[in-house]
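# Fold and geometry: a report
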Amino acid sequence: MSERLNRRESEHRAFLSYVILILPLVAFLQTAVPGKDAGFDLPFPRPGYSNAPSKTFPRVYQEPSAIADAGQVPQDVVASDFNGDGHADLAVAYAYDDRIGWFLGDGTGGFTPKGQISVGVQAGDGNDLPRSLVAADFDRDGFQDLAVLCSGNPNPPFSTPPSLGILYGLPGGLFETYREVIVVPEGQEPPLFSVALAAGQLDADDFCDLIVGHFDSNQLSLIHGKTGRRWEEPRLTDVVTSGAGPSAVAIADLDFDGADDLIVLSRRDVQVWRNNGSGQFPFRSILGYGSAFSALALADFDRDGLWDLVVLDAGRNEMRLFFDVGAHGAPVTQSLFTLTEPPPSGEGPIDILVYDENLDGRDDIALVYLLSGGGDIYLGRPNGVQMPLAWSRHFETAKAPRAIASSDFDHDGWPDLIVAHEGDKDISDNADLVLTPGIPPPTPPALLDPLTSSTPGENIAPYL
């Protein structure tokens, strides 16, 4: 009897010791629930929590700050963590130097130039013209890589063909030298003036694939990834359009069949290419027409679980929204914003970004104007309103902004904007890069509850 009591007493002490050890861990996990900490980076969508604790939102405005100029005619900028320290870094394409420069973030909004590396396949500067960047871990070694698209120079007498290459990441935020990826099958004529680049999974092999849009020759290159650093021979396909060819490309599973589809933005139309499941796109339809389309982005503005599309028409100074875009060419609802009417005012919209400016769970928009400079921010609005976006504020830039990206560079929990400027030859001190810190709202945003539905394809965020 006493032996049994002693055994129970020992078991009781062991259980109490376990509870004492595990309680601090439980408390820690409860404080680290995604969505309850404003400084925790969440993938889209950002689900709101009705039981989220109250927080203070100090309204502190910081002036935009210029980052050290390092090259000629920046064309693109991407934010990623290249050295694995948890801080967002930057990579910039300098067209007239034929170089990529990158800056390491310090977590407070400051950046240190880390280095520059030559890209392209032509001798001399200003012959390859890097235009577009995509950051991803293409070879799955744990380090972020950079895909670099060089447009080539289509103007004689120094005309040069385009090229595509990868800067594979190394420890410490470094990169290997430019490794070319072929964009045209052997024996075919090279494409002309390539400016559009996108990465995604076009087939079922789970490797990252690349899409390259050739503006002057009205073509797309489809390049399927293989194990490690190998790439299949590219497939070159024509883009049938009434004007110049692709200026932007996006990849998304529009019909939720498990195969990513393409949205091809040419100069005068926007097309949907449906994937047949094997990485080929025989079914194509036109969503709409324009004058000089320049950029596109995907989102879910009305939060119905279906893809929406926003495009910029630089020729008409317009922003156009397409709601519930499918892959079968069915008609979609459209909305039009004229960007030259007050309160927004700008000319030549050139790039657009979808992000969550005020962390309320709704998709917002930031765009920049190449000709007039500056940019505008539109905020997502509650469900049930006729227009799910509304203009919020204007922000200043340097001369001739070309590209925009976002991350929480200073770790204050709010998304910041980084803008790359191609500049002006008559302004010697024009800033290449300008960081605009995020502005917290004066009151806490109304957090959204997660959407639920038993109907497949509806009220299911397309990011999942």
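All of these numbers come straight from a predicted model, not from anything done at the bench. (Residues numbered from 1 in each chain as written. Predicted model: local features only at pLDDT ≥ 70, side-chain atom pairs only at ≥ 80, totals over all residues. Heavy atoms only, no water.)

## Overview of the nonpolar core
Cut-off, in case you're wondering: The nonpolar core is taken to be a set of buried Ala, Val, Leu, Ile, Met, Phe, Trp, Tyr and Cys residues, with the residues joined through side-chain atoms within 4.5 Å. Relative accessibility decides the category of a residue: with a 1.4 Å probe and only protein chains considered, values under 20% of the type maximum give buried, values over 50% give exposed, and everything between is partly exposed. By definition, residues are in contact when any of their heavy atoms lie within 4.5 Å.
Within the largest apolar cluster, 19 residues are counted, with the highest numbers of intra-cluster contacts made by Leu254, Ile263, Leu287, Leu296, Leu309 and Phe322. For Leu296, the contacting residues outside a window of four places in its chain are Ala248, Val249, Ala250, Ile263, Leu265, Leu309, Val310, Val311 and Ile352. If you look at the next biggest cluster of nonpolar residues, it comprises 18 residues, including Leu339, Val354, Tyr369 and Leu389.

## Re the pattern of salt bridges
Let me state the cut-off plainly: Within this document, salt bridges are pairs made up of a side-chain nitrogen of Lys or Arg and a carboxyl oxygen of Asp or Glu, the two lying within 4 Å of each other. Secondary structure elements follow DSSP: runs of H or I no shorter than four residues count as helices, runs of E no shorter than two count as strands, and numbering proceeds from the N terminus.
Counting across every chain of the model gives nine salt bridges. Linking Asp206 and Arg140 is a salt bridge whose minimum nitrogen-to-oxygen distance equals 3.7 Å. You can see Asp206 sitting in the loop between β12 (194–200) and β13 (209–214) and its partner Arg140 sitting in the loop between β6 (130–136) and β7 (145–150), a full 66 residues away along the chain. Overlapping salt bridges bring together Asp139, Glu176, Arg179 and Arg229 as one network.

## Let's talk about the environment of Gly115
Here Gly115 is to be found in strand β5 (residues 111–118). When its relative accessible area of 26% is taken as the criterion, Gly115 is described as partly exposed. In contact with Gly115, not counting residues within four places along its chain, are Ile100, Gly101 and Trp102.

## Quick word on the sheet that holds strand β27 (residues 389–395)
Two orientations exist for strands paired in a sheet by backbone hydrogen bonds: parallel and antiparallel. Test applied: Two strands pair under a simple rule: DSSP has to find at least two bridges between them. The convention used is that axes are lines fitted to C-alpha atoms, helices contributing only their stretch in contact, and that angles between N-to-C directions extend from 0 to 180 degrees.
Spatially, four strands are ordered β24-β25-β26-β27 in an open sheet, and the strand pairing comes out antiparallel. Every other strand in the sheet has two partners, leaving β24 (349–355) and β27 as the edge strands with one partner each. Sheet twist, expressed as the mean angle between neighbouring strand axes with direction ignored, is 20 degrees. Note that strand β26 (residues 375–380) and β27 share six bridges and pair antiparallel. When the bridges of β27 are listed, Ile377 appears paired with Arg393.

## Some words on the side chain of Asp351
Formally: Charge counting follows a simple rule: Lys and Arg are positive, Asp and Glu are negative, and His as well as the terminal groups are ignored. Two N or O atoms form a polar contact when they lie within 3.5 Å of each other; inside protein one atom must be a possible hydrogen donor and the other a possible acceptor, and for residues adjacent in sequence the pair counts only when both atoms belong to side chains.
Within the secondary structure layout, Asp351 lies in strand β24. In this structure, Asp351 is buried with no salt-bridge partner, the nearest side chain bearing the opposite charge being Arg402 at 8.4 Å. Only 2.9 Å separates the side chain of Asp351 from the backbone nitrogen of Ile404, close enough to count as a polar contact. Not counting residues up to four positions away in its chain, the partners in contact with Asp351 are Ala295, Leu312, Ala366, Leu367, Val368, Arg402, Ala403 and Ile404.

## Section: empty space enclosed by the protein
Worth spelling out the cut-off: In this analysis a 1.4 Å probe is tested at points of a 1 Å grid over the protein atoms alone, and where it fits but cannot get out there is a cavity; an open set with protein on both sides within 12 Å along at least five of seven lines is a pocket; lining residues have an atom within 4 Å of a point. Grid points are joined across faces, edges and corners, and a volume is the space filled by probe spheres set on the points. Residue polarity follows a fixed list, in which Ala, Val, Leu, Ile, Met, Phe, Trp, Tyr, Cys and Pro are nonpolar, Asp, Glu, Lys and Arg are charged, and the others, Gly among them, are polar.
Across all of its chains, the model carries one cavity of 30 Å³ or more by this definition. As a volume, the largest cavity reaches approximately 40 Å³. In this structure, the largest cavity is lined by Phe138, Phe207, Cys208, Gly225, Lys226, Gly228, Arg230 and Trp231. Each residue belonging to the lining of the largest cavity can be placed in one class, and the counts come to four nonpolar, two polar and two charged.

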